[in-house]
Amino acid sequence: MPEKETIDRAHEDAREGKSPSTQAGEFVREEMHHIREGKHGASSTKQAIAIGLSKARRAGVKLQAPAKGKVSAKTAKQASRDYRKGQSHSHRKLSATRSRATSRALKREGHSAASRQSLSRQARSSARQRGAVARRGSAMKAVRTKSRSQAPRKAAGTRRNNSSR
């Protein structure tokens, strides 16, 4: 179950008109925090992200299942099931046995899936799959949305580092 704070942040993103993937990002962020604080682990960064996206779909974020051919049929089926569950408002009682089994399995996994290094590696590999044009587009958008006050500060920091050599 996601924390109330996370759900509130996702709702705020929705009110501001941000994309479903941005809203889902709050849940992924929460998942990374859980792994870092030792609540549970994950076998890989990909799994940690998948858990966050699943929670987002089940919490009602309008994040559709991935397109056909993007992921395995099993993953797509589970994503569409999560999406439907989040959009319908019927609440069935969760199976305690199943919940406990999932928690125990995740507790046995490692915690390096949420490390800076593995997150960076995951981001880089998924960016590589997107291609050069998409990467350039993302970089240009980042430049546009970047607050201007950061640039001079960063430049000063770079000059300071270079002068000490």
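Above this text you will find the structure in question.
What counts and what doesn't
- Residues numbered from 1 in each chain as written.
- Predicted model: local features only at pLDDT ≥ 70, side-chain atom pairs only at ≥ 80, totals over all residues.
- Heavy atoms only, no water.
- Axes fitted to C-alpha atoms, helices over the stretch in contact; angles between N-to-C directions.
- Helix = DSSP H or I, 4+ residues; strand = E, 2+ residues; numbered from the N terminus.
- Contact = heavy atoms within 4.5 Å.
- Parallel < 35°, antiparallel > 145°, perpendicular 65-115°, else oblique.
- Nonpolar A, V, L, I, M, F, W, Y, C, P; charged D, E, K, R; others polar.
- Salt bridge = Lys/Arg side-chain N within 4 Å of Asp/Glu carboxyl O.
- Buried < 20%, exposed > 50% of the residue type's maximum accessible area, 1.4 Å probe, protein only.

Undergrad: Would you mind going over the packing of helix α3 (residues 45-58) against helix α4 (residues 73-87) with me for this structure?
TA: A pair of packed helices is captured by two measures, namely the crossing angle of their axes and the spacing between those axes. For the pair α3 and α4, interaxial distance at closest approach is 6 Å and the crossing angle is 35°. When α3 is examined against α4, the residues Ser 54, Arg 57 and Arg 58 are found in contact with a partner set consisting of Gln 78, Ala 79, Asp 82, Tyr 83, Lys 85 and Gly 86.

Undergrad: Would you take a moment to explain the packing of α3 against helix α6 (residues 116-130) for this structure?
TA: Contact geometry for α3 and α6: axes closest at 9 Å, N-to-C directions at 80°. In terms of axis orientation, α3 runs roughly perpendicular to α6. Contact with α3, carried on its side by Thr 45, Lys 46 and Ile 49, involves Ser 118, Leu 119 and Gln 122 of α6 and no other residues of that element. Partitioned by chemical class, the residues of the contact of α3 with α6 number 2 nonpolar, 3 polar and 1 charged.

Undergrad: What am I meant to see in the pattern of salt bridges here?
TA: It is possible for side chains of opposite charge to pair when their charged atoms get near one another. Scanning the entire structure with this criterion turns up 8 salt bridges. Put simply, Glu 26 and Arg 9 hold a salt bridge, and the shortest N to O gap is 2.8 Å. Highlighted residues: Glu 26 in helix α2 (residues 20-36) and Arg 9 in helix α1 (residues 4-15), separated in sequence by 17 residues. Taking the relative accessible area as the measure of exposure, Arg 9 reaches 27% and is therefore partly exposed. For Arg 29, the salt bridge is made with Glu 26, and the minimal N-O distance between the two is 3.8 Å. You can see Arg 29 and its partner Glu 26 sitting in helix α2, 3 residues apart, about one turn around the helix. A relative accessible area of 14% means that Glu 26 is categorised as buried.

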